[in-house]
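Overview (structure and organization)
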Amino acid sequence: MQSRTLEGVWPVPGQGLDQPAESVDSPVRSAGRSARAVRRAEGLGPLPALQRVLYRSAKQDPTRRFHAVFDKVARSDVMWQAWVDVYSNRGAPGVDGVSVSDIAADGASGVRAFLDALADDLRRGAYRPRPLRRVHIPKPGQPGKTRPLGIPTVADRVVMAAAKLVLEPIFEADFLPVSYGFRPKRSAQQAVEVIRVEANRGREWVLDGDVTDCFGSIDHEALMARVAARVSDRQMLKLIRAWLRAGVLENGVFTDTTSGTPQGSPISPLLANVALSVLDEDWRDHSGRLGVLVRYADDFVVLCPTKARAEAARDRVITVLAGLGLRLHPDKTKIVHLAGGAQGFDFLGFHHHKVESWKRPGRYYLQRWPSDRAMASIRAKVRDRTGRRFVGRSIESIVADLNPVLRGWANYFRWGNSARKFTTIDRYVNERLAIFASIKHGLRGRNWATRFTYAWYHSLGVYQLSGRVRYRPAHA
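Every value quoted in this text rests on a predicted model; they were computed, and no experiment measured them.

Attention now goes to the overall build of the chain. Helices and strands together make up the secondary structure of the chain, namely 17 helices and 13 strands. Here the chain holds 476 residues, and 48% of them are scored as buried. For the chain, the computed accessible surface area is about 22,500 Å², with 50% contributed by carbon and sulfur atoms.

So this is what it looks like as structure tokens:
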């Protein structure tokens, strides 16, 4: 995890900010090696060396409880990397109205003062998290539906990111291979590739699970028990509990939070994985005979050889999740049968469906392509960026706004059987730009078959999705 330089914001070497506040030669040791020894032997920086030692210590002793981790959160190198992560993600301001741009406006000196004050509050025990600012964002591909997010203040986000940097290596040592979401060197592409392989091996009954309001419903006591199994530092436990109980501010009304994790915060995915890892462990120890579990945060599927096992898997998941205060959505959770291309299911943005082989008639293999919701989502983004309200702008600037959106979407969905869907999106972008150009020039109709043709569209430098598909497995 190397630091990324931010021009004018990230401290430069020689200004006194490139050394940690405390020595890396801390009591945290692994196999008799300190962080300083690891740093020298493996050529790592102070923070990666600390994380390496924490991971190795946790991996070496699965029963070890870490009693001195809170002090690492306020270390200068940890705080600096946390600031870089928060700054890179930008994000909206919290209840105090302060944004990352406001803090960065004074350059390195402003960031230095902000981080020093925050670290001092942590050391003195004066730090108190502010309530979350509640916002509702549209769900991609689901018009009229929104997802509630709680936005912490920038100061809270930095401390959460710092705590994540320290805690993640400890819990990562325990997480199992069936979990792919929000983990280093793990990806959604790896998860869907496991699904393809297992389905082609004959596991054609799929439990497609949907957890109802997972981030907002996790029982605090159950979550803290999972955290306390690895961390005994009372200050760190108190800090996490304070975030869980920070409350929400919406339209001037404060509401206590009695369950759930602060969705939208840097540490929320880690806490959710800590809680839901109980499902992974149950599958390893007791329920693996039912089928293969593939989990990405709160989204999961179980691939089973028979319908009876899929139903048993559903019952077992219900029992395990109940211990966390969670339940499966009765309408969205379903069991599908893949054999012969009879049914398919959506998972991680892809639609998974068995298709008959043209080389070997009668043989069906699992393929995946962008789901209807994913297609609706990218269309909505293209439509929004080519609307009438932008008619005063040049078409070159419109294309410049479109290209990053198209590139990002294509980079995710190119790992699969997405060629036809990519061609469909290319045609849609061509049509939308033709409509935009017609409006801009006062022409009637779309004119994309006569004046604003494919040759014109290609000359604009629009990012082309066609030809971008990759059929080999993707790495994290």
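With antiparallel pairing, three strands are arranged side by side in an open sheet as S11-S12-S13. Across the chains shown, the open sheet's two edge strands, defined by having one partner strand only, are strand S11 (344-347) and strand S13 (364-370). Across the sheet, the mean angle separating the axes of adjacent strands is 30° when strand polarity is ignored. Where S11 meets strand S12 (residues 350-356), four bridges bridge the pair, whose relative direction is antiparallel. Within S12, the residue paired with aspartate 346 across the bridge is histidine 351.

With that out of the way, let us pick up unusual backbone geometry. Although it is not a glycine, alanine 297 adopts a positive phi angle of roughly 55°. Assignment of secondary structure puts alanine 297 in the loop between strand S8 (292-296) and strand S9 (299-304). With a relative accessible area of 5%, alanine 297 lands in the buried category. Even without being glycine, leucine 348 reaches a positive phi, approximately 55°. Within the secondary structure, leucine 348 is located in the loop between S11 and S12. Owing to a relative accessible area of 14%, leucine 348 belongs among the buried residues under this scheme.

Next up on the list: the sheet that holds strand S5 (residues 205-210). Pairing in this open sheet of four strands is antiparallel, and the strands run S8-S9-S5-S10 from one edge to the other. Each having just a single partner strand, S8 and strand S10 (334-337) make up the two edges of the open sheet. For this sheet, the mean angle separating the axes of adjacent strands, direction not counted, is 20°. Across the sheet, helix H8 (residues 188-200) lies against S8 and S9, angled at about 160° from S8, the strand it touches most. The strands touched by helix H13 (residues 307-322) are S5, S9 and S10; relative to S5, the strand with the most contacts, the crossing angle is about 20°.

Tracing the sequence through the fold places lysine 238 in helix H11 (residues 234-244). Of the residues examined, lysine 238 reaches a relative accessible area of 63% and is grouped as exposed.

Applying the stated criterion to the full structure yields 24 salt bridges. When the shortest N-O distance is used, the salt bridge between glutamate 42 and arginine 52 registers 2.3 Å. With a gap of ten residues between them, glutamate 42 in helix H1 (residues 35-42) and arginine 52 in helix H2 (residues 46-60) connect regions that are remote in the sequence. Take arginine 52: its relative accessible area is 30%, and that puts it in the partly exposed class. For glutamate 198, the salt bridge identified is with arginine 201, shortest N-O distance 3.3 Å. Taken together, the salt bridges that share partners define one network made up of Glu42, Arg52 and Arg56.

So, on to a positive patch on the surface. There is a patch of like positive charges on the surface, built from Lys145, Arg147, Lys332 and Arg373. With respect to the helices, strands and loops of the structure, lysine 145 is situated in the loop between strand S3 (132-138) and strand S4 (146-151).

It is the contact of helix H4 (residues 76-89) with helix H6 (residues 107-124), at a shortest axis distance of 11 Å, that shows an interaxial angle of 125°. Between H4 and H6, the crossing angle belongs to the class labelled oblique. The two elements H4 and H6 cross, and the hand of that crossing is right-handed. Residues Met79, Trp80 and Trp83 of H4 form the contact with H6, whose own contacting residues are Val111, Phe114, Leu115, Leu118, Ala119 and Leu122.

With that out of the way, let us pick up the packing of aromatic side chains. The full count for this structure, using the stated rule, is ten aromatic pairs. With a centroid separation of 5.9 Å and 45° between ring planes, the pair formed by tyrosine 454 and tyrosine 457 is classed as tilted. One end of the pair is tyrosine 454 and the other is tyrosine 457, both in helix H17 (residues 454-459) and three residues apart, which spans about a single turn. Judged by its relative accessible area of 0%, tyrosine 457 is buried. By way of ring pairs, the aromatic residues Phe350, Trp409, Tyr412, Phe413 and Phe422 are connected into one cluster. Across the ring face of tyrosine 87, the terminal group of arginine 90 is positioned such that the distance to the ring centre comes to 4.3 Å.

Thresholds, definitions, all that
- Residues numbered from 1 in each chain as written.
- Predicted model: local features only at pLDDT ≥ 70, side-chain atom pairs only at ≥ 80, totals over all residues.
- Heavy atoms only, no water.
- Helix = DSSP H or I, 4+ residues; strand = E, 2+ residues; numbered from the N terminus.
- Buried < 20%, exposed > 50% of the residue type's maximum accessible area, 1.4 Å probe, protein only.
- Areas by Shrake-Rupley, 256 points an atom, 1.4 Å probe, with all protein chains shown as cover.
- Pairing = 2+ DSSP bridges.
- Axes fitted to C-alpha atoms, helices over the stretch in contact; angles between N-to-C directions.
- Contact = heavy atoms within 4.5 Å.
- Salt bridge = Lys/Arg side-chain N within 4 Å of Asp/Glu carboxyl O.
- Patch = residues over 30% accessible without salt bridge, like charges linked within 9 Å, V, L, I, M, F, W, Y side chains within 5 Å.
- Lys, Arg positive; Asp, Glu negative; His and termini not counted.
- Charge placed at Lys NZ, Arg CZ, Asp CG, Glu CD.
- Parallel < 35°, antiparallel > 145°, perpendicular 65-115°, else oblique.
- Left-handed = near helix turned anticlockwise from the far one by under 90°.
- Phe/Tyr/Trp six-rings, centres within 6.5 Å; stacked < 30°, edge-to-face > 60°.
- Lys NZ or Arg CZ within 6 Å of the ring centre and 35° of its normal.

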